[in-house]
Amino acid sequence: EEVTHRVETLKQLLMDEFPIAMQVFDSNGMLVQANAAWGKMWDVNPEGVIGKYNILQDSQIETAGMKPALVKIFNGEQIELGEVVFGPAKSDMPGQVRWVRPYAYNIENDGDQSRHVVLLSVDLTKQKHGELVQQILLDISQSAAIADDLASLVNSVRQHLGRIIDTTNFYIALYDEASDCYSFPSYFDQFDSVDTSKEYLPNSLTDRVRRTRKSMIYAHESCEDLAPGEVLVEYGSHSACWLGAPLKTKEGVMGVLAIQSYDNVSAYTEQDLQLVDSIVGTIAIALERKQAEEMQRNLNEKLKRAERMESLGLLAGGVAHDLNNILVPLVASPDLMLQKLPADSPLRNDLLQIKQSAENAATIISDLLTMARRGNCEKVPLQLNDIIRTYRNSTGHKTLLEKFRYSSINYRLDDALLNILGSESHISKLVMNLIINAIHSLHAPGNIWIRTRNEHIAQRLMLFKEIPEGEYVVFEVEDQGAGISPEMLERIFDPFYTTKSMVSGKGTGLGLSIV
C-alpha cells in the first residue's frame, strides 16, 4: 500500500512538474487528470474542470478540425496529429489564436482492462507569432515599395496588422508641427468619419501618445498612466477600448497608430500592446519613406507647373502686343463694312463670323497679357462685391445669359464684406471665368449661386497652396452641373486645359489658370 502511495505521489509530482501541457482522458473522453502546464497554457484551474470537461464535446476541438482524428484515437487507433490552430482562448480576446502541436497516446491498464488517452500539447504560439510578425514586417516593407501613395500604404498596413490583431477600427494620424494638426491618409471606423486633410486634436488620446512618446491602452474611461489632474478629451464616438502607439523616427514622432473597439473593454491586452510596439518602428520607416516620395513628387509637379507658367509668360510678353496690333483692323473693319452693307446682303453672315472669331482671338490675347503680368501686378484695396456687380451689369454677361436662357443666377453678397488687396484686372478675370464656367456647366435648366462672406482661418490650411491663418474673404460659385471628376480636378488650373468643345466657342482662352 505504501509503495502504491509513493507511485501515485511520484506520478502526481511528474504531472505537476512536467513542462509540457498534459491531459489524461478516460475512454469516453472525460478529463480525469491534467497538469499545471496545461492549466497555465489555457488559463484555467485543472481541479475545476476534472470530471466536467469532455474533449469529444468541445466545440473548439470541432472547429479546429481535431474531432474526427480524436474519435479514432479514442476507438483505439494510433494516429499522428498535425499542428492545430485554435481560435481565441477567451471570448473577450478577439483576433488572438493559439498554435498547438498535439501528441496522443492510448494507454491500457492490464489490471482492470481500462483504457486512457494521454494528450500532450506543445504550445507553438510564441514561435508562430514571431514568424508571423517577421512576415508582417517584410510585407509592410514591400508594400512601402509598391504603394502608389500614403493612403494605399496605410490600407496595406491595416490589412497586414489585421492578421494578428483586430483592426476593424483603425487609423494612422500624421502630425504637422507647423499647424499643430493631424492628417489621416486613411481612416477606418464603424461609426465616425474625419476630415482626412487636417484635424486639430488638443488633449486627445492621439495627441497624448505623440507628446509622451509612449504607447497606451485606454479603457473604462480611466488609465493608470494619467498624471494627477490630467484630462483627456474624447473626439467622436465613445471607445470601450483604445490602443495607440507612437510612430517614432530619427527626427521625432511623426504620428500615431491607433485601433479601437466600441463594445469590448478588454479588446486589447498588454500582449497586444507589446506586439504593436514591435511593429510600429517598421511602419514609421515605411510611412516616412512614402511621405518623402510624395513630397518630392509634389515638388516636382510644382516645379513643372512653374516652368510651364514661366514659359507661357515669356511667350505672352513677346507676342501678345504684336498680335493685338494685328487684330485691331480685324475687329474694327467688320463693323465699318456692316454699316455700309444692306440688311439683306449675303456677305453679312460672313462678316459677322469674322468679327466673332476676331473677338475670340482678342479674348485669348487679353488672357495672355494677364498671364504675362501675373506676380508683377500692382495690388490695391478692392471691394469684391463691386467687381461682381460690375460684371453682372456688363454687356458680355447679359449676352451670355441671353444665349443660355435656362441659367438662373442667384446672388447672395455679404453687405459687411471686408476689402481685399489685389489686382483689379486679375480679380475681374477670376469672377468672369468662374461664372462663365458655371453657366457652361448647365446643360438643362438649373441654378447658380454666387456668394461672398468673411471667414477667419484659425489654423494654416494646405489646399491648392498654403493659406496662413488670418481674416479672409470667400467667393463661392456653386452650380447644378455635373461637377468635375477627380482626375480632371488636378488639371483645372493648367493653361489652355479644357474639357469644353472648341467648336462651340466655350473652350477658348486660358480658363481657370487666370485665377
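Structure: above.
The text that follows walks through the structure, step by step, so that each part is easy to find. Everything numeric in this text was worked out from a predicted model, so none of it was measured.

The rules behind these values
- Residues numbered from 1 in each chain as written.
- Predicted model: local features only at pLDDT ≥ 70, side-chain atom pairs only at ≥ 80, totals over all residues.
- Heavy atoms only, no water.
- Salt bridge = Lys/Arg side-chain N within 4 Å of Asp/Glu carboxyl O.
- Helix = DSSP H or I, 4+ residues; strand = E, 2+ residues; numbered from the N terminus.
- Buried < 20%, exposed > 50% of the residue type's maximum accessible area, 1.4 Å probe, protein only.
- Contact = heavy atoms within 4.5 Å.
- Core = buried A, V, L, I, M, F, W, Y, C linked by side-chain atoms within 4.5 Å.
- Phe/Tyr/Trp six-rings, centres within 6.5 Å; stacked < 30°, edge-to-face > 60°.
- Lys NZ or Arg CZ within 6 Å of the ring centre and 35° of its normal.
- Pairing = 2+ DSSP bridges.
- Axes fitted to C-alpha atoms, helices over the stretch in contact; angles between N-to-C directions.

**Observations regarding the pattern of salt bridges**
Next up, step 1: The full count for this structure, using the stated rule, is 15 salt bridges.
Next up, step 2: Here Asp207 and Arg210 are joined by a salt bridge, their closest N and O atoms 3.0 Å apart. On the criterion of helical spacing, the pair formed by Asp207 and Arg210 is a turn pair, its members being three residues apart in helix 8 (residues 205-212). The exposure classification of Asp207 matches that of Arg210, with both residues buried.

**A few points about helix 8**
Next up, step 1: Most of helix 8 sits inside the fold, with six of its eight residues counted as buried.
Next up, step 2: For helix 8, the complete set of buried residues consists of Leu205, Thr206, Asp207, Arg208, Val209 and Arg210.
Next up, step 3: In this fold, the buried residues of helix 8 make contact with strand 6 (169-176), strand 7 (181-183), strand 9 (216-219), strand 10 (241-249) and strand 11 (252-261).
Next up, step 4: Count one or two residues on from helix 8 and you reach Arg213, which has phi positive near 60 degrees.

**Considering the nonpolar core**
Next up, step 1: Counting 39 residues, the largest nonpolar core has Ile172, Leu247, Leu257, Ile279, Ile283 and Leu287 as its most contacted members.
Next up, step 2: When residues of this core are assigned to their parent elements, the largest contribution, nine residues, is made by helix 9 (residues 270-340).
Next up, step 3: When residues no more than four places from it in sequence are discounted, the contact partners of Leu257 are Val157, Leu161, Phe170, Tyr171, Ile172, Leu243, Gly244, Ala245, Leu247, Val276, Val280 and Ile283.
Next up, step 4: Grouped together as the second largest cluster of nonpolar side chains are 22 residues, Ile55, Leu56, Met66 and Leu119 included.

**Points about the packing of aromatic side chains**
Next up, step 1: Under the criterion given, the structure shown has eight aromatic pairs.
Next up, step 2: Centre to centre, the rings of Tyr171 and Tyr187 are 5.3 Å apart; their planes meet at 20 degrees, and the pair counts as stacked. Of this pair, Tyr171 sits in strand 6 while Tyr187 sits in strand 8 (residues 187-188), placing them 16 residues apart in sequence.
Next up, step 3: Exposure remark for Tyr187: the relative accessible area of 21% places this residue in the partly exposed category.
Next up, step 4: When the centroid spacing of 5.1 Å and the interplanar angle of 50 degrees are considered together, the rings of Tyr175 and Tyr182 count as tilted. A single burial state applies to Tyr175 and to Tyr182, both of which are buried.
Next up, step 5: Site record: aromatic cluster; members linked through ring pairs are Phe25, Tyr53 and Phe74.
Next up, step 6: Above the ring of Phe188, the side-chain terminus of Arg158 is found at 4.1 Å from the ring centroid.
Next up, step 7: We note Arg392 situated over the ring of Tyr411; from NZ or CZ to the ring centre the distance is 4.6 Å.

**Remarks on the sheet that holds strand 2 (residues 31-34)**
Next up, step 1: Strand order in the open sheet formed by five strands is 2-1-5-4-3, with antiparallel pairing between adjacent strands. Two strands close off the open sheet at either side, each with one partner strand: strand 2 and strand 3 (84-86). In this sheet, neighbouring strand axes are inclined to one another by 30 degrees on average, regardless of whether the strands run parallel or antiparallel.
Next up, step 2: Taken together, the three bridges between strand 1 (residues 21-26) and strand 2 define a ladder with antiparallel strand orientation. What sits directly across from Phe25, in strand 2, is Leu31.
Next up, step 3: Of the strands in this sheet, strand 1, strand 4 (98-108) and strand 5 (115-123) are in contact with helix 5 (residues 67-74), which crosses strand 5 at around 145 degrees.
Next up, step 4: Helix-sheet contacts for helix 6 (residues 125-146) involve strand 4 and strand 5, and the interaxial angle to strand 4 is about 150 degrees.

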